Amino acid sequence: MRKIYTKRFSSVADSKTFSSTLPLPRLNNISIPSKSDPNRSVSRHLDDPLLRIPPLGQNVNFKCYEYLLTECINQNAARQGQSVHGRMIKTHYISWVYLSNRLMAFYIKWRQMGDAQRVLDAMPEPSVASWTTMIAGYTRNGCTMEALQAFVQMMETGVSPNEFTFSAVLTACSRASDLDLGKQVHSLLIKSSFELHTVVGSALLDMYAKGGQIHEARIIFSSLPQRDVVSCTAMIAAHAQLGLDEEALELFCQLQKEGMRSNYVTYTSVLTALSGLAALDYGRQLHNMIIRFELPFYVVLQNSLIGMYSKCGSLKYSIRVFENMPEKTVVTWNAMLLGYAKHGLGEMALELFTLMKNETEIKPDSITYMAVLSGCSHGGLVEKGLDIFTSLVHMKDVQPTDLHYGCVVDLLGRAGQLEKALEFIKQMPFEPTASIWGALLGACRVHANVHIAEYVAQKLFMIEPENATNYVILSNIYAAAGRWEDVIKVRGLMEEKIMLKEPGRSWIKLDKLVHTFHAGDKLHPRKEEIFAKIKELTIKIKEVGYVPDLSCVLYDVDDEQKESILLNHSEKLAIGIGLISSPETVPIQVVKNLRICVDCHNFAKFVSKIYGRDISLRDSKRFHHVVKGVCSCGDYW
């Protein structure tokens, strides 16, 4: 006798039970097969989409129950589906395995996982399809641990999993971030000869990719005998999720040449990669392909378009996509709010937030408030940001997290209220995270506050002693203050711990070719022209008031050498090649992986003013749109 699970499931709705008191609606224009003709098809003449089942006195056979359950699933008829099940219980109908599977599918669709589990428990001999339906249902509804428990129970009963079972279990491992268990399942796959099955392979590579093991994912992808759109999309998404954006785009282009038919999920993943690359031209091409191939404009795809355009610096296209969407979800509103925040348009973020609350039925979630607070931070709207955070603290539906507290610290820090930010951190109801202390340390660098920076840095060194970024920022703060002995000490600590800082680099796309520069880069084939152009620019803009900000040089050298070092910053080199390689009417769009320095920001403003060129600078924090010498940030970032 199979052991029946008595575990209660509290993660989803499971409180409903079945009894003989379930309502049994009358027959409503549904023709029931007679005993003499059991194979006759069931016909229906419904005046409405809701189903009714026959009274108890009328015989109902397998085909009728199959039809009724299928229609209840297809027509979202929850009450009628429960009535069908109640009828089966009341008449002591011995359900076939197939009908039990349909019942499970019905309850899973309505997230009534407890009822679905009870159907499985009542089956004398569940088939592999039964177990797979249950495992996939748990996974789909976010109950990953229950899904894994069901898989273990299935194995204990001696039922052998098939490729769809393995796919569902691997998906559960991925969502539960349980890579160790996933590897155990992988070993079972090898023994069961399912490893190279396309469905299983897609789930397997997705699991490894989301676990950060892209090498294993690539091995599995290359070993698949056949690749379908699911496996290809999984591989593209894997690169995009891990920030391997160039590889994701290259793989997509390669697979397109091989004749891969992409779906909306594929395009969503590629748009994510293009967002990281800030590759607007490719993004527009992809948008055109979506329209040309007449792909369904699912909300998730349109959300990705909003994100891609805003992250590539073209907020007007984000707004256009947003405004033309017939259906919007909370993710849609969040994407637009984050776009406004990234571009420093705090007032517009607040207006959109107000519109969302007052004129839609969509409730703001945790990310909504984070986006609005970020917009206030980048826009210098301190009081409005604090008011929003205060309202959030008193809400019941959304609870503030460390991310929201971090936004407030950033809000106060950018405004130069460092003491207030520090006091805010000390009064938080939980231990400050590294990101919260990091926000304050970054503000200390902007406002040159060595005293608070030292205190904050010590906190960070204890929380994450191996993070080189914290040491670099403190070193830079000391350098800006001229405390070179302290600079040497910090750099010595980094050498002892064998830490490597991420090198700053800037890039610009010209004629479908990406030009990447590091500071003082001498590897570019046109380096002589670029350096000559930078010198020419410097002479001209000095005539109209540009003064190099030598505090941006983090080395103890004389002023002449500091100015020379400034001229070799990667942002300036990218601007230089943009000027000599593109038409005067084309905006110069530069991306930097780290925060842009004050001197390069001023340099761009003067170049824009003298040459009449629009310059877009995207750094790790936000966008700077410089037009006629004026930056969209208002010199506040």
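Since the model is a prediction, treat every value here as computed from it, not as a measurement.

**Some thoughts on the overall build of the protein**
So, step 1. Across its full length, the protein holds 30 helices and six strands.
So, step 2. The buried share among the 637 residues of the protein stands at 49%.
So, step 3. If you take every contact in the protein between residues at least 6 apart in sequence, the share linking residues at least 24 apart comes to 63%.

**Looking at the sheet that holds strand β6 (residues 630-631)**
So, step 1. Sheet architecture is open: six strands sit in the order β2-β1-β3-β4-β5-β6, paired in mixed fashion. In the strand order of this sheet, the two ends are held by β2 (513-518) and β6, each with one partner.
So, step 2. Sheet topology note: the strand β4 (residues 615-618)/strand β5 (residues 623-627) ladder contains four bridges and is antiparallel. Within the sheet, the bridge partner assigned to I615 lies in β5 and is V626.

**Let's talk about the packing of helix α15 (residues 299-311) against helix α16 (residues 315-324)**
So, step 1. Following both chains from N to C, one finds α15 and α16 inclined at 160°, their axes separated by 7 Å at the closest point. Classed by the angle they form, the pair α15 and α16 counts as roughly antiparallel. Relative to α16, the crossing made by α15 is left-handed. Side by side, α15 and α16 meet where Q302, L305, I306, Y309 and S310 of the first sit next to L315, Y317, S318, V321 and F322 of the second.
So, step 2. Grouping the constituent residues of the contact of α15 with α16 by class yields seven nonpolar, three polar and no charged.

**Describing the pairing of β2**
So, step 1. Sheet analysis places strand β1 (residues 505-510) next to β2, joined by six bridges and oriented antiparallel. Counterpart to S506 in the pairing with β2 is F517.
So, step 2. Counted along the chain from β1 to the antiparallel partner β2, the turn is two residues long, and its residue D511 has a positive phi close to 50°.

**What about the pairing of β1?**
So, step 1. Looking at chain direction, β1 and strand β3 (residues 588-592) are connected through three bridges and run antiparallel. The residue bridging W507 from the neighbouring strand is V591, located in β3.

**Structural notes on the packing of helix α13 (residues 264-277) against α15**
So, step 1. It is at 9 Å that the axes of α13 and α15 come closest, and there the two elements cross at 15°. In this view, α13 runs roughly parallel relative to α15, as classed from their interaxial angle. The element α13 and its partner α15 pack so that their crossing is left-handed. Mapping the contact onto sequence places Y264, Y267, T268, L271, L274 and S275 in α13 and V300, L301, S304, L305, G307, M308 and K311 in α15.
So, step 2. Split into classes, the residues belonging to the contact of α13 with α15 amount to eight nonpolar, four polar and one charged.

**With respect to the confidence of the model for the protein**
So, step 1. Summing up the model confidence of the protein, the mean pLDDT is 83 and the portion of residues at 70 or higher is 85%.
So, step 2. Counting interchain partners and residues more than four positions distant, the pLDDT-below-50 stretch residues 1-51 has 111 contacts.

**Some details on the pattern of salt bridges**
So, step 1. Within this structure, the stated rule accounts for 14 salt bridges.
So, step 2. A salt bridge links E454 to R483, with the shortest nitrogen-to-oxygen separation between them at 3.0 Å. Of the two residues, E454 sits in helix α24 (residues 450-463) while R483 sits in the loop between α25 (468-480) and α26 (484-496), which places them 29 residues apart along the sequence.
So, step 3. With a shortest N-O distance of 3.3 Å, E536 and K533 are connected by a salt bridge. One end of the pair is E536 and the other is K533, both in helix α27 (residues 527-542) and three residues apart, which spans about a single turn.
So, step 4. Among the residues examined, K533 registers a relative accessible area of 16% and is labelled buried.

**Remarks on unusual backbone geometry**
So, step 1. Despite not being glycine, E294 shows a phi value in the positive range, around 55°.
So, step 2. In the Ramachandran plot, A448 falls in the positive-phi region, its phi being about 55° despite a non-glycine side chain.
So, step 3. Relative to the helices and strands, A448 is located in the loop between α23 (434-446) and α24.

**Quick look at the packing of aromatic side chains**
So, step 1. With the rule as written, the count across this model stands at 14 aromatic pairs.
So, step 2. Grouping aromatic residues by their ring pairs yields a cluster made of F389, Y405, F424 and F430.
So, step 3. The ring of Y282 is capped by K509, whose NZ or CZ atom sits 5.2 Å from the centre of that ring.
So, step 4. Geometry around F603 places K572 over its ring, the cationic atom sitting 5.4 Å from the centre.

**Quick look at the environment of H197**
So, step 1. With respect to the secondary-structure elements, H197 resides in the loop between α8 (179-192) and α9 (198-210).
So, step 2. It is 9.8 Å that separates the C-alpha atoms of H197 and S167, two residues lying 30 residues apart in sequence.
So, step 3. The contacts of H197, once residues within four sequence positions are left out, are E163 and L224.
So, step 4. Only 3.2 Å separates the side chain of H197 from the backbone nitrogen of V199, close enough to count as a polar contact.

**So, the environment of A604**
So, step 1. One can find A604 in helix α30 (residues 598-611).
So, step 2. A604 gets classed as buried once you look at its relative accessible area, which sits at 0%.
So, step 3. Along the primary structure A604 and V627 are separated by 23 residues, whereas in three dimensions their C-alpha atoms are 9.7 Å apart.
So, step 4. The residues touching A604, leaving out its near neighbours within four places in the chain, are I575, I615, L617 and V626.

**Describing the environment of M145**
So, step 1. Within the secondary structure layout, M145 lies in helix α6 (residues 144-156).
So, step 2. Residue class for M145 comes out partly exposed when judged on its relative accessible area of 46%.
So, step 3. Along the sequence, M145 and D178 sit 33 residues apart, while their C-alpha atoms lie 9.9 Å from each other.

**Overview of helix α4 (residues 113-122)**
What sets the pattern is the α-helix's 3.6 residues per turn: residues three or four places apart point alike.
So, step 1. Burial within α4 is extensive, with eight of its ten residues counted as buried.
So, step 2. Listing the buried residues of α4 in full gives M113, G114, D115, A116, Q117, V119, L120 and D121.

Parameters and conventions
- Residues numbered from 1 in each chain as written.
- Predicted model: local features only at pLDDT ≥ 70, side-chain atom pairs only at ≥ 80, totals over all residues.
- Heavy atoms only, no water.
- Helix = DSSP H or I, 4+ residues; strand = E, 2+ residues; numbered from the N terminus.
- Buried < 20%, exposed > 50% of the residue type's maximum accessible area, 1.4 Å probe, protein only.
- Contact = heavy atoms within 4.5 Å.
- Pairing = 2+ DSSP bridges.
- Axes fitted to C-alpha atoms, helices over the stretch in contact; angles between N-to-C directions.
- Parallel < 35°, antiparallel > 145°, perpendicular 65-115°, else oblique.
- Left-handed = near helix turned anticlockwise from the far one by under 90°.
- Nonpolar A, V, L, I, M, F, W, Y, C, P; charged D, E, K, R; others polar.
- pLDDT = per-residue confidence, 0-100.
- Salt bridge = Lys/Arg side-chain N within 4 Å of Asp/Glu carboxyl O.
- Phe/Tyr/Trp six-rings, centres within 6.5 Å; stacked < 30°, edge-to-face > 60°.
- Lys NZ or Arg CZ within 6 Å of the ring centre and 35° of its normal.
- Polar contact = N/O pair within 3.5 Å; in protein donor to acceptor, adjacent residues only side chain to side chain.

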